[in-house]
Amino acid sequence: MTPELKGTAQLTTAMMLSGTLGVFVVESGASPFDVVFFRVLFGALALGGYVTARGWLRDHGFTRRTLGLAVLGGVFIVFNWVLLFQSYENTSISVATVVYHTQPFYVVVLGALLFRERLTAAKVGWIAVAFAGLILVSGVTPADFASGGSYLLGIGQALLAALLYGLSTLVTMGVPPRVEQRGRITGVRPHLIALVQVLVGIPLLLPFADFGAMSGTGWGWGWLAGLGLIHTGVMYVLMYAAYAKLPTSKIAVLAFVYPAVAMLMDWLVYGHHIGLVQALGVPLIVTASLKVTLARPARRPAAAPAPRTAAHAPEAASRPATPAACEV
């Protein structure tokens, strides 16, 4: 099996796992804050065990600045998860996931606003197309704005979650590669950035966790453990390994396995599906996302936020961060 074929299999598997996350969240029966708290707790155990076994803690490559950036990115990531899981409750897994998949557009817009990156007319046009698709997918009508309600709140939560993920992407793009004494260019491994981010979530969410409500969770503990061990441990390791082997174009295409599987699972498990008019918006978002992602020039070689970077082996660690794959 060639490296690219192996990477394709790894990323496809990771995206399929990502698509099942909504079911784990809902079946746990826990509140969004409790879900994220135990996800980061179990995820820290999984990622911590992995990086320790690989011996990566001894030569982590963090400086005070890059560690601070990873911590700040972790704050955005953790609350991004909380908002997305709240959106599941107020809309559906399908709608929340598609709305959340507007992340790449936020990265482009925020990059232009914060770092004065060039925003071309073509990108502006594709972003407009994407948000036209977003309006269709959301299914929001003027009556929803007049009456308010949980559905409109859920759409807003998914959009805000995507915004926070975009901020995390730009923040952790500031983690630069370093030069070892042997002259080989390496970067901070994304596994370590991800570990920092989930560790940040433990004290951050501890005040919001309701342990009393968890006493009767029962089988829900299995779903919560799965979120940490599978969706934050196994999934991340597969994605990082795949990014080291694949070109950005293939990563961008395979990223859409995630929302496709999420919509399929939402239909199979809960009977939820988007309507015909909503479905018309999906190809608009998919097409625009691919156009914007693949046209976006690399800012500089950097380690991306969990789990966007292509750093797995030393030769891949200096690859530019890519916003191609949306993750949860």
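See the structure shown above.
Report follows, based on the coordinates. A quick note: this is a predicted structure, and the numbers were derived from the prediction, not measured.

Brief notes about the pattern of salt bridges
Part 1: By the definition in use, this model includes one salt bridge.
Part 2: Linking Glu4 and Lys250 is a salt bridge whose minimum nitrogen-to-oxygen distance equals 3.0 Å. With Glu4 in helix 1 (residues 3–19) and Lys250 in helix 13 (residues 248–254), the pair connects residues that are 246 residues apart, well separated along the chain.
Part 3: Look at Glu4 and you get partly exposed, because its relative accessible area is 34%.
Part 4: The partly exposed category is assigned to Lys250, whose relative accessible area is 30%.

Brief notes about the packing of helix 5 (residues 93–100) against helix 14 (residues 257–270)
Angle between the axes and distance between the axes are the two parameters that describe a pair of packed helices.
Part 1: Between helix 5 and helix 14, the least distance of the axes is 8 Å, while the angle of their chain directions is 170°. Classified by the angle between their axes, helix 5 and helix 14 sit roughly antiparallel to one another. For the pair formed by helix 5 and helix 14, the contact residues are Ile93, Ser94, Thr97, Val98 and Tyr100 on the first element and Tyr258, Pro259, Ala262, Met263, Asp266 and Tyr270 on the second.
Part 2: Each residue belonging to the contact of helix 5 with helix 14 can be placed in one class, and the counts come to eight nonpolar, two polar and one charged.

Notes on the side chain of Asn80
Part 1: Along the chain, Asn80 falls in helix 4 (residues 64–90).
Part 2: Exposure remark for Asn80: the relative accessible area of 0% places this residue in the buried category.
Part 3: Beyond its immediate sequence surroundings of up to four residues, Asn80 is in contact with Tyr100, Ala161, Leu164 and Tyr165.

Quick word on the environment of Tyr243
Part 1: Along the chain, Tyr243 falls in helix 12 (residues 220–243).
Part 2: For the pair Tyr243 and Thr8, spaced 235 residues apart in the sequence, the C-alpha separation amounts to 9.1 Å.

A few points about the nonpolar core
Part 1: With 67 residues, the main nonpolar core has Leu11, Val36, Trp81, Leu84, Phe85, Tyr88 and Tyr100 as its most contacted residues.
Part 2: A total of eleven residues in this core trace back to one element, the largest contributor, which is helix 4.
Part 3: Not counting the four nearest positions on each side in its chain, Val36 is found in contact with Val78, Trp81, Val82, Phe85 and Leu205.
Part 4: Within the second largest apolar cluster, ten residues are counted, among which are Val98, Ile155, Ile274 and Ile285.

Re helix 7 (residues 121–138)
Part 1: Helix length check: helix 7, at 18 residues, gives a terminal C-alpha distance of 26 Å against a target of 26 Å (1.5 Å per residue), a fit within 8%.
Part 2: Turning to helix 7, its buried residues are Lys123, Ile127, Ala130, Gly133, Leu134, Val137 and Ser138. The arc that holds the buried residues of helix 7, viewed along the axis, is 130°, so those residues lie on one side. Across helix 7 from its buried face, at more than 90 degrees, point the exposed residues Ala121 and Ile135.

What to know about the environment of Gly74
Part 1: Mapped onto the secondary structure, Gly74 falls in helix 4.
Part 2: What makes Gly74 buried here is its relative accessible area of 0%.
Part 3: Along the chain, Gly74 and Leu204 lie 130 residues apart, while their C-alpha atoms are 9.8 Å from each other.
Part 4: When residues no more than four places from it in sequence are discounted, the contact partners of Gly74 are Gln197 and Val200.

Here's the deal with the packing of aromatic side chains
Part 1: Under the criterion given, the structure shown has twelve aromatic pairs.
Part 2: Ring centres of Phe38 and Trp221 lie 4.8 Å apart, and the angle between their planes is 85°; this geometry places the pair in the edge-to-face category. Pair noted here: Phe38 is in helix 3 (residues 32–54) and Trp221 is in helix 12, with a separation of 183 residues, a long-range link.
Part 3: Ring geometry for Tyr106 and Phe131: centres 6.3 Å apart, planes at 90°, overall edge-to-face. Linking Tyr106 in helix 6 (residues 103–115) with Phe131 in helix 7, this pair joins segments that are 25 residues apart in sequence.
Part 4: What makes Phe131 partly exposed here is its relative accessible area of 27%.
Part 5: One aromatic cluster is present, formed by Phe37, Phe38, Phe42, Phe211 and Trp221 through successive ring pairs.
Part 6: Positioned over the ring face of Trp81 is Arg39, at 3.9 Å from the centre of the ring.

So, how was this worked out
Residues numbered from 1 in each chain as written. Predicted model: local features only at pLDDT ≥ 70, side-chain atom pairs only at ≥ 80, totals over all residues. Heavy atoms only, no water. Salt bridge = Lys/Arg side-chain N within 4 Å of Asp/Glu carboxyl O. Helix = DSSP H or I, 4+ residues; strand = E, 2+ residues; numbered from the N terminus. Buried < 20%, exposed > 50% of the residue type's maximum accessible area, 1.4 Å probe, protein only. Axes fitted to C-alpha atoms, helices over the stretch in contact; angles between N-to-C directions. Parallel < 35°, antiparallel > 145°, perpendicular 65-115°, else oblique. Contact = heavy atoms within 4.5 Å. Nonpolar A, V, L, I, M, F, W, Y, C, P; charged D, E, K, R; others polar. Core = buried A, V, L, I, M, F, W, Y, C linked by side-chain atoms within 4.5 Å. Expected span 1.5 Å × (residues − 1). Arc of directions from axis to C-beta. Phe/Tyr/Trp six-rings, centres within 6.5 Å; stacked < 30°, edge-to-face > 60°. Lys NZ or Arg CZ within 6 Å of the ring centre and 35° of its normal.

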